[in-house]
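Next come the chains, spelled out residue by residue.
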Amino acid sequence: MSECRVCGGAVREFVDFGRQPISDAFPAAGAESEEYFFRLAAGQCEDCTMVQLMEEVPRDLMFRQDYPYYSSGSAVMRKHFEQTARRFLETELTGPDPFIVEIGCNDGVMLKTIKAAGVRHLGVEPSGGVAGVAAAAGVRVMVEFFEEETAKRIRETDGPANVIFAANTLCHIPYIGSVLRGVRELLADDGVFVFEDPYLGDIVAKTSFDQIYDEHFYFFTARSVQSMAARFGLELVDVQRLAVHGGEVRYTLTRPGARTPSPAVAELIAAEDAQKLTERATLEGFAANVQRIRDDLVALLTRLRDEGKTVVGYGATAKSATVTNYCSLGTGLISYVCDTTPAKQGRLTPGTHIPVRPVEAFQSCYPDYAVLFAWNHADEIMAKERGFREAGGKWITYVPEVRIS
Ligand code: TMP
């Protein structure tokens, strides 16, 4: 049991992945002994239903100067965020001198379009390296963690925000109350706080257990977000399911009564009830499915090794830290993992120390099998790597079950 970081209720654990490293910290060869480990387990609050990690990793260990995740690394995500920015420009940012703040703007993938439109904006991003890329593109960015005090300062210097946006960021923040108090402080009276994060409904339906890692502290549902919003003086007025990153929901919060809630909110809550999403038995069933996938994946990779096949990983994702460490997949089963991110190449995967190589290593000498750790980018990657299948190569995926294709 631990204490809910949203409401103080009792959090009861339902899944345990054991000892895990920082998912986005790729040690150089020789620096393996400096890695930080924690116990990765998730539970659910018995009062407000919020699913959350049992143990918190200090934020400075994750979101550092050399944080190696670049949101612009996927063509699909670049398009997604450009469309998001265009929608804001057409709907919310149409008044005189509008202002938008993004919490966790990463490399400026969304704000670039806002900047190009000449609209006042500010990104708040604690990871200096990715923030520097945003700044180099002309995006206005401050390098710090967003909290209540940050919001007060922004309001003093820039005035209220018509839009506050956060993508794959709010679920990263255990001290979420400070952020929501900050949002209340900074938001214009008729402004919107829009955030999108992996959806517990998809995680349970697909057993996408690798969405659970150090950075993903919360796993939201419409019900838990509605209750959290009310607790901090905000109202959930819209929800929209998104296909990106394996299934997300975009939530829209406003000041209470500022907008008429969309019927989509009640509909999604009803769907969650029908899925029995927040019931103990569902979450225990999820944990049982996770173990089955682990057993199937380890059995398959062991068989392929015994048959003398070559197997590599594709995409040194943060998600893959959970998979490789939970399943104890080391170089005996996976020769290397390829990834397009220069900051990860030449280093080792967290905890399991599999070498990370450029994608060119994969393309110049195809293996027999590739485990698609970046399964959330499957369409993009499989289209790009058509030659692999044409040469007889096979993909291994493990969400929602272990499959060779
Ligand atoms: P993500 O699943 O958290 O977005 O991480 C995707 C990782 O996969 C990231 O390290 C970049 C890498 N990647 C490739 O290597 N090739 C690709 O085509 C894409 C889209 C991502």
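Please read these numbers as outputs of a predicted model, since none were measured by experiment. (Residues numbered from 1 in each chain as written. Predicted model: local features only at pLDDT ≥ 70, side-chain atom pairs only at ≥ 80, totals over all residues. Heavy atoms only, no water.)

Things to note about the overall build of the protein
Broken down by element type, the protein carries 14 helices and 18 strands. A compact globule built from 405 residues should have a C-alpha radius of gyration of about 22 Å, and the protein, at 21 Å, falls within 12% of that. Looking at the 405 residues of the protein, the share that counts as buried comes to 57%. For the protein, long-range pairs separated by at least 24 residues make up 68% of all intrachain contacts whose partners lie at least 6 apart in sequence. With 42 positive and 55 negative side-chain charges, the protein shows a spacing of 3 Å between the two charge centroids. (Helix = DSSP H or I, 4+ residues; strand = E, 2+ residues; numbered from the N terminus. Rg over C-alpha atoms; globule rule 2.2 N^0.38 Å. Buried < 20%, exposed > 50% of the residue type's maximum accessible area, 1.4 Å probe, protein only. Contact = heavy atoms within 4.5 Å. Lys, Arg positive; Asp, Glu negative; His and termini not counted. Charge placed at Lys NZ, Arg CZ, Asp CG, Glu CD.)

Observations concerning the UniProt feature "domain: Methyltransferase putative zinc binding" (unreviewed entry) in the protein
Residues annotated in UniProt with the feature "domain: Methyltransferase putative zinc binding" (unreviewed entry) correspond here to residues 4-63. In residues 4-63, helix accounts for 7% and strand for 40%; the two terminal C-alpha atoms are 23 Å from one another. (UniProt positions renumbered as here; feature names shortened; annotations may be inferred.)

Observations regarding helix α9 (residues 263-274)
The first and last C-alpha atoms of α9 sit 17 Å apart over twelve residues, in line with the 16 Å expected at 1.5 Å per residue. Those residues of α9 lying buried are Val-265, Leu-268, Ile-269 and Glu-272. When α9 is viewed along its axis, its buried side chains cluster within an angular range of 100 degrees and face the same direction. In this structure, α9 carries Pro-263, Ala-266, Glu-267 and Ala-274 as exposed residues pointing more than 90 degrees from its buried face. Just past α9, the residue Lys-276 takes up positive phi, approximately 55 degrees. (Expected span 1.5 Å × (residues − 1). Arc of directions from axis to C-beta.)

Side note on the pairing of strand β8 (residues 161-167)
Put simply, side chains in a regular strand alternate between the two faces of the sheet. When you tally the buried positions in β8, you get six out of seven residues, the bulk of the element. Bridge count for strand β5 (residues 99-103) against β8 is three bridges, and the pairing is parallel. Of the residues in β8, the one forming a bridge with Val-101 is Ile-164. When β8 meets strand β9 (residues 187-198), the two strands line up parallel, connected through six bridges. Among the inter-strand pairings, Phe-165 is bridged to a residue of β9, identified as Val-194. (Pairing = 2+ DSSP bridges.)

Re the site of the ligand
The environment of the ligand is formed by 17 residues, the closest being Tyr-69, Lys-319, Asp-339, Lys-344 and Lys-384. At 3.4 Å, a side-chain N or O of Thr-341 approaches an oxygen atom of the ligand. Within the side chain of His-377, a nitrogen or oxygen atom sits 2.8 Å from an oxygen atom of the ligand. When isolated, the ligand has an accessible area of 490 Å², and the protein chains bury 95% of it. Broken down by element, the shell around the ligand gets its largest block of residues, three residues, from helix α13 (residues 378-384). (Near = heavy atom within 4 Å. Polar contact = N/O pair within 3.5 Å; in protein donor to acceptor, adjacent residues only side chain to side chain. Areas by Shrake-Rupley, 256 points an atom, 1.4 Å probe, with all protein chains shown as cover.)

Examining the sheet that holds strand β4 (residues 51-53)
A sheet is described by the order of its strands in space; here five strands give the open sequence β1-β2-β3-β4-β10, paired in antiparallel fashion. Each edge of the open sheet carries a strand with a single partner, namely β1 (2-3) and β10 (218-219). Running over the sheet, helix α11 (residues 318-326) touches β2 (10-21) and β3 (37-45) and is turned about 80 degrees from β2. (Axes fitted to C-alpha atoms, helices over the stretch in contact; angles between N-to-C directions.)

What about the packing of helix α5 (residues 148-158) against helix α6 (residues 176-186)?
Across the interface, α5 lies against α6 with an axial gap of 7 Å and an inter-helix angle of 15 degrees. The orientation of α5 with respect to α6, classified from their angle, is roughly parallel. α6 is crossed by α5, and the crossing has right-handed handedness. For the pair formed by α5 and α6, the contact residues are Glu-148, Ala-151, Lys-152, Ile-154 and Arg-155 on the first element and Ser-178, Arg-181, Gly-182, Glu-185 and Leu-186 on the second. Classifying every residue of the contact of α5 with α6 gives three nonpolar, two polar and five charged. (Parallel < 35°, antiparallel > 145°, perpendicular 65-115°, else oblique. Left-handed = near helix turned anticlockwise from the far one by under 90°. Nonpolar A, V, L, I, M, F, W, Y, C, P; charged D, E, K, R; others polar.)

Some points on the pattern of salt bridges
It is possible for side chains of opposite charge to pair when their charged atoms get near one another. As enumerated under the stated definition, the model contains 25 salt bridges in all. One salt bridge in this structure joins Glu-13 and Arg-39, with 2.8 Å as the shortest N-O distance. Remark: Arg-39 occurs in strand β3 and Glu-13 occurs in strand β2; sequence separation between them is 26 residues. A salt bridge links Arg-259 to Glu-92; the nearest nitrogen and oxygen atoms lie 2.9 Å apart. With Arg-259 in the loop between β12 (248-254) and α9 and Glu-92 in the loop between α2 (75-91) and β5, this pair connects stretches of sequence that are 167 residues apart. Given a relative accessible area of 31%, Arg-259 falls into the partly exposed group. (Salt bridge = Lys/Arg side-chain N within 4 Å of Asp/Glu carboxyl O.)

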